[in-house]
Every structure is written in structure tokens, then in C-alpha cells.
Amino acid sequence: MSSVRVQEEDFSLHDEWQACRDRLAGNAGAVVSFVGLVRERSNTGNVSRLYLEHYPGMTETSIEQIVVKAQQRWSLLDIVVIHRVGELQPEDQIVLVIIASAHRADAFAACEFVMDLLKTEAVFWKKETRDNESVWIESTLEDVSRSQEWQE
């Protein structure tokens, strides 16, 4: 099972976790989750807001392709990816990944894999407003390196 959603509204970790547990009906041995937050600081200043733009349909497809890669690599029972778009403030939730599997090693590895590829392969445009200037931001060299390590 998998679910990919791109949305402006916030999500409830508790509600998504419980829905995943309900779908699993006792069949999983591990559920790993990751929640990403908007940082208050970047390398070059204080962040006052982050704006995420996406191309409906294309963005979801890019995330679904990441999910399929994870399912092909590990034995997974459920995957949930929720990514927010629109204007976000520091400390807002921006992304949720929940991975369920029979064993923790698969769940942990797949969660890290999905997050690393979301940073480099998901179709989003991000504009950060910091110290009264707005800058379009791209994947960092570290993001690219981490993503490439999974390809080797």
C-alpha cells in the first residue's frame, strides 16, 4: 500500500500514524516516521518564510516514482508521503514520511532513502525569504551526494 499527497494544509502525525496502523491490521513489525520542519535559519540568515511551488500531477508522479523505487528495494507493507506546498513559516511541518515493514532495518533504510530522494528528485521549487531577501533554493551538494550514494 502507498499514499502520496501534495497539499497546502497541515497534517496530523497522530492521525496519519493511526490510519497506517489500522491498514496494517497487526501485520507489521516496524513503523518508522519522519517529519520535516521549516528551519528558522539557513546558512546565510534568518528565515521568515518558505514558499513551495509545484506542478500538479508532475510532482505527485515524481514522488510516486520514488515510492516505487523504495518498494522494489525493500520489503515494505505501507508507505505514506505527504508534502506541503504554498507559504510556510519557520517551525511548520513540511513533509511526512511513514514506512511500515515486517522488520525495522527495511523501514529505517526505506525512510531515509525516500527522504534523500525527495530532496533531489521530487519536482518542487522552493523560495526562501531571509533577512528581507527572497532566494530560490536548490538541492545542496550534500543532498545530491546522499541521493547518489543510494544509486551505487
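Look up a bit, the structure's there.
The text that follows walks through the structure, step by step, so that each part is easy to find. Model, not experiment: these values are computed from the prediction. (Residues numbered from 1 in each chain as written. Predicted model: local features only at pLDDT ≥ 70, side-chain atom pairs only at ≥ 80, totals over all residues. Heavy atoms only, no water.)

**As for the packing of aromatic side chains**
And then number 1: Applying the stated criterion to the full structure yields three aromatic pairs.
And then number 2: Seen in terms of ring centroids, Trp74 and Trp150 are 5.7 Å apart; in terms of plane orientation they differ by 80°. Their pairing is edge-to-face. A residue pair is termed long-range when its members are at least 10 positions apart, and Trp74 in the loop between helix 2 (58-73) and strand 5 (76-84) and Trp150 in helix 4 (residues 141-151) qualify at 76 residues. Like Trp150, Trp74 is buried.
And then number 3: An aromatic cluster of three or more residues is present, and its members are Trp74, Phe113 and Trp150. (Phe/Tyr/Trp six-rings, centres within 6.5 Å; stacked < 30°, edge-to-face > 60°. Helix = DSSP H or I, 4+ residues; strand = E, 2+ residues; numbered from the N terminus. Buried < 20%, exposed > 50% of the residue type's maximum accessible area, 1.4 Å probe, protein only.)

**A short note on the packing of helix 3 (residues 104-121) against helix 4**
And then number 1: One way to put it is that helix 3 packs onto helix 4 with a least axis distance of 9 Å and a crossing angle of 125°. In this view, helix 3 runs oblique relative to helix 4, as classed from their interaxial angle. The hand of the helix 3/helix 4 crossing is left-handed. Where helix 3 approaches helix 4, its residues Ala109, Glu112, Phe113, Asp116, Leu117, Lys119, Thr120 and Glu121 are matched on the opposing element by Asp143, Val144, Arg146, Ser147, Trp150 and Gln151. (Axes fitted to C-alpha atoms, helices over the stretch in contact; angles between N-to-C directions. Parallel < 35°, antiparallel > 145°, perpendicular 65-115°, else oblique. Left-handed = near helix turned anticlockwise from the far one by under 90°. Contact = heavy atoms within 4.5 Å.)

**Describing the pattern of salt bridges**
And then number 1: For the structure shown, the criterion picks out eight salt bridges.
And then number 2: Note that Asp10 is salt-bridged to Arg84, the shortest N-O span being 3.5 Å. Taken as a pair, Asp10 in the loop between strand 1 (2-7) and helix 1 (13-24) and Arg84 in strand 5 lie far apart in primary sequence, 74 residues in all.
And then number 3: Owing to a relative accessible area of 8%, Arg84 belongs among the buried residues under this scheme.
And then number 4: The salt bridge partner of Glu87 is Arg49, with a shortest N-O separation of 3.8 Å. Of this pair, Glu87 sits in strand 6 (residues 86-88) while Arg49 sits in strand 4 (residues 45-54), and the two are 38 residues apart along the sequence. (Salt bridge = Lys/Arg side-chain N within 4 Å of Asp/Glu carboxyl O.)

**Section: the side chain of Arg84**
And then number 1: A polar contact is formed between the side chain of Arg84 and the backbone oxygen of Glu8, at a distance of 3.1 Å.
And then number 2: Among residues more than four places away in sequence, those in contact with Arg84 are Gln7, Glu8, Glu9, Asp10, Phe11, Leu52, Asp92, Gln93 and Ile94. (Polar contact = N/O pair within 3.5 Å; in protein donor to acceptor, adjacent residues only side chain to side chain.)

**Considerations on the environment of Thr120**
And then number 1: Turning to its location among the elements, Thr120 is positioned in helix 3.
And then number 2: The sequence separation of Thr120 and Val68 amounts to 52 residues, and the corresponding C-alpha distance is 16 Å.
And then number 3: Contact partners of Thr120, with chain neighbours within four places excluded, come to Ser139, Asp143, Val144 and Ser147.

**Side note on the nonpolar core**
And then number 1: In terms of nonpolar packing, the biggest core is built from 33 residues, with Ile63, Trp74, Val81, Val97, Ile99, Val114 and Leu118 touching the most fellow members.
And then number 2: The set of elements that each furnish at least two residues to this core consists of strand 1, strand 2 (30-37), strand 4, helix 2, strand 5, strand 7 (93-101) and helix 3.
And then number 3: Among the elements that take part in this core, helix 3 stands out by supplying nine residues, more than any other.
And then number 4: Setting aside residues up to four positions removed in sequence, Leu118 forms contacts with Ile63, Ile66, Val81, Val95 and Val97. (Core = buried A, V, L, I, M, F, W, Y, C linked by side-chain atoms within 4.5 Å.)

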